[in-house]
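# Observations on the model geometry
The lines below spell out each chain.
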Amino acid sequence: MLRIAFCVILLAVLSMASILIGSVDIPAEQVLHVLAGGKADKESWTYIILESRIPQTATALLCGASLATSGLLLQTSFRNPLAGPSILGISSGASLGVAIVTLLSGGILSAVAAAFGGAMAIIALLLIISTIVRNNMILLIVGIMISYLTSSVVSLCNFFTNADNLQTFVFWGMGSFSDVGLQQLPVFSLCCILGLAISVTIVKQLNAILLGEKYAASLGVNIRRTRWLTLLSTGLLTAASTAFCGPIAFIGLAVPHIARFLMGTSNHKYLLPATILCGATIAVACNIICVLPGNLIVPVNAITPIFGAPVIIYTLFIKKAKR
């Protein structure tokens, strides 16, 4: 519990720092004054704080928590430490939706809707396949093949589009927490909270699956229902995050391992909350780095590998050492 409390405090501190720090230099007292309900000396400062920094911080928090939870669910369900949110083709489905829209019109708002639609289409397909395929490994391979197929179509769409639309797609693919404004935030929050709520309901089933599907079934766990709920939760969280923020790399893959190192347990009763908090904390930390003063906003995917790659390398070495 002390470690969970530490994560909560660290997340609160970083969230406040994310609001205080930005590419535009605003005095801290002005930021605090606006947060208290007042107005800054400059109208532009008030707008930046309320319309940009607060939504951006909330978006980073929700996106990080969602992707990290997706990674944990997939790693547990497939019993594969390298499983991540993009492995089932959901992120590729979102990319396909954006690629099609940019090819036709290039509108950023329609691109968000298309990304969500593309991701949800892949989820629906996987849910249908999961009713037929009972083997998790085969389902994983099917997801990887779907990812390759959609990536191929994305490449074709980008080849035939014009330079401006291609630039829009490339920028979306770099990842950003700044594209979600106050108008889009309620929808994004609802999708993330719903996906996280579903994940909480299957904590006991996930603990049983760690011991093997046959053993879990002997304990009365409905494997098919658990798999369906896992896909639904993972799909919803990944679809929302990818549609609104772009295909953010490494958070879903690396954060569950960080949570395991921190908690020292595989019990999802403690591991799931720790994963949610660690994902949110790391995403907010990445956002701070992306918007450091200097009027230059760095893409999120330029920062996440700094956190994620060492964790994955360390995990692989630990696995090899144990063998």
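Numbering of residues begins from 1 in every chain and follows the order in which that chain's sequence is written. In view of the model being predicted, local features appear only for residues whose pLDDT reaches at least 70, and side-chain atom pairs are presented and counted only at 80 or more, with totals across whole chains, interfaces and linings using the full set of residues. Working from all heavy atoms in the structure, the side-chain values ignore hydrogens and water.

### Description of empty space enclosed by the protein
Put plainly, a pocket is an open set of points on a 1 Å grid over the protein atoms alone with protein on both sides within 12 Å along at least five of seven lines, a cavity is a set where a 1.4 Å probe fits but cannot get out, and a lining residue has an atom within 4 Å of a point. Grid points are joined across faces, edges and corners, and a volume is the space filled by probe spheres set on the points. Tallied over the entire structure, the rule returns 3 cavities of 30 Å³ or more. Around the largest cavity sit Ser 77, Asn 136, Ile 209, Glu 213, Ile 223, Thr 226, Arg 227 and Thr 230, which together line it. Helix and strand assignments come from DSSP, with helices taken as H or I runs of at least 4 residues and strands as E runs of at least 2, each series counted from the N terminus. Here the element with the most residues in the lining of the largest cavity is helix H11 (residues 223-245); it accounts for 4 residues. For the second largest cavity, the calculated volume is near 50 Å³. In terms of lining residues, the second largest cavity is bounded by Ala 249, Phe 250, Ile 251, Ala 254, Val 255, Ile 258, Ile 282, Cys 286, Thr 304, Phe 307 and Gly 308. Put simply, the parts of the chain that give the lining of the second largest cavity at least two residues each are helix H12 (251-263), helix H13 (268-290) and helix H14 (304-322). Top contributing element to the lining of the second largest cavity by residue count: H12, with 4 residues. Each residue is assigned to one class: nonpolar for Ala, Val, Leu, Ile, Met, Phe, Trp, Tyr, Cys and Pro, charged for Asp, Glu, Lys and Arg, and polar for all the others, Gly among them. Of the residues in the lining of the second largest cavity, the class split is 9 nonpolar, 2 polar and no charged.

### Some details on the packing of helix H1 (residues 2-20) against H13
Every angle, taken between N-to-C directions, lies between 0 and 180 degrees, and every axis is a line fitted to C-alpha atoms, over only the stretch in contact when it is a helix. For the pair H1 and H13, the least separation of the axes is 9 Å and the interaxial angle reads 25 degrees. The orientation of H1 relative to H13 falls into the category roughly parallel. Seen from above, H1 lies across H13 with left-handed handedness. When H1 is examined against H13, the residues Ile 4, Cys 7, Val 8, Leu 10, Leu 11, Leu 14, Ser 15, Ala 17 and Ser 18 are found in contact with a partner set consisting of Tyr 270, Pro 273, Ala 274, Leu 277, Cys 278, Ala 280, Thr 281, Val 284, Ala 285, Asn 287 and Ile 288. Grouping the constituent residues of the contact of H1 with H13 by class yields 16 nonpolar, 4 polar and no charged. Convention used here: angles under 35 degrees read as roughly parallel, angles over 145 as roughly antiparallel, angles from 65 to 115 as roughly perpendicular, and any remaining angle as oblique. Note on convention: near helix rotated counterclockwise from far helix by under a right angle means a left-handed crossing. Clockwise means right-handed. Contacts are assigned to residue pairs with any non-hydrogen atoms lying within 4.5 Å of each other.

### A look at the layout of surface pockets
The calculated volume of the second largest pocket comes to roughly 240 Å³. Residue lining of the second largest pocket: 16 residues in total, with Pro 85, Ser 86, Ile 248, Ala 249 and Phe 250 positioned closest to the centre. Residue composition of the lining of the second largest pocket, by class: 10 nonpolar, 6 polar and no charged.

### Some points on helix H6 (residues 136-160)
Along its 25 residues, H6 runs 37 Å from first to last C-alpha, staying within 8% of the 36 Å computed at 1.5 Å per residue. Only protein chains enter the calculation, and the probe is 1.4 Å; a residue is then buried if its accessible area is under 20% of its type maximum, exposed if over 50%, and partly exposed in between. All of the buried residues along H6 are Asn 136, Leu 139, Leu 140, Gly 143, Ile 146, Ser 147, Thr 150, Val 154, Cys 157 and Asn 158. In this scheme, a helix's expected span is set at 1.5 Å multiplied by one less than its residue total.

### Digging into the side chain of Thr 238
With respect to the helices, strands and loops of the structure, Thr 238 is situated in helix H11. Classification of Thr 238 as buried rests on a relative accessible area of 0%. Polar contacts here mean pairs of N or O atoms no more than 3.5 Å apart (in protein, one a potential hydrogen donor and the other a potential acceptor; neighbouring residues in sequence count only if both atoms are side-chain atoms). Separated by 2.8 Å, the side chain of Thr 238 and the backbone oxygen of Thr 234 make a polar contact. Those residues within four positions of Thr 238 in sequence are excluded, and the remaining contacts are Ser 70, Pro 85, Ile 90 and Ser 91.

### Some remarks on helix H7 (residues 163-174)
Side chains three or four residues apart in an α-helix point the same way, a direct result of the helix having 3.6 residues per turn. Here H7 spans 17 Å end to end across 12 residues, near enough to the 16 Å set by a 1.5 Å rise per residue. Listed in full, the buried residues belonging to H7 are Asn 165, Phe 169 and Trp 172. The arc that holds every buried residue of H7, seen down its axis, measures 60 degrees, which confines them to one face. Exposed side chains of H7 directed beyond 90 degrees from the buried face belong to Ala 163 and Asp 164. Note that the arc is computed from the directions linking the helix axis to the C-beta atoms.

### Some details on the nonpolar core
General note: in soluble globular proteins, nonpolar side chains tend to be found buried as a group. To qualify as a nonpolar core, a set must consist of buried Ala, Val, Leu, Ile, Met, Phe, Trp, Tyr and Cys residues joined through side-chain atoms within 4.5 Å. Counting residues in hydrophobic clusters, the biggest one holds 72 residues, and the most contacted among them are Leu 88, Leu 126, Phe 177, Phe 188 and Ile 248. Element by element, the count of residues in this core is highest for H13, at 13 residues. With residues up to four places along the chain from it excluded, the contact list for Leu 88 reads Leu 74, Phe 78, Ile 122, Leu 126, Leu 139, Leu 140, Gly 143 and Leu 231. In this structure, Ile 26, Val 34, Ile 48 and Ile 49 belong to the second largest nonpolar core, which totals 8 residues.

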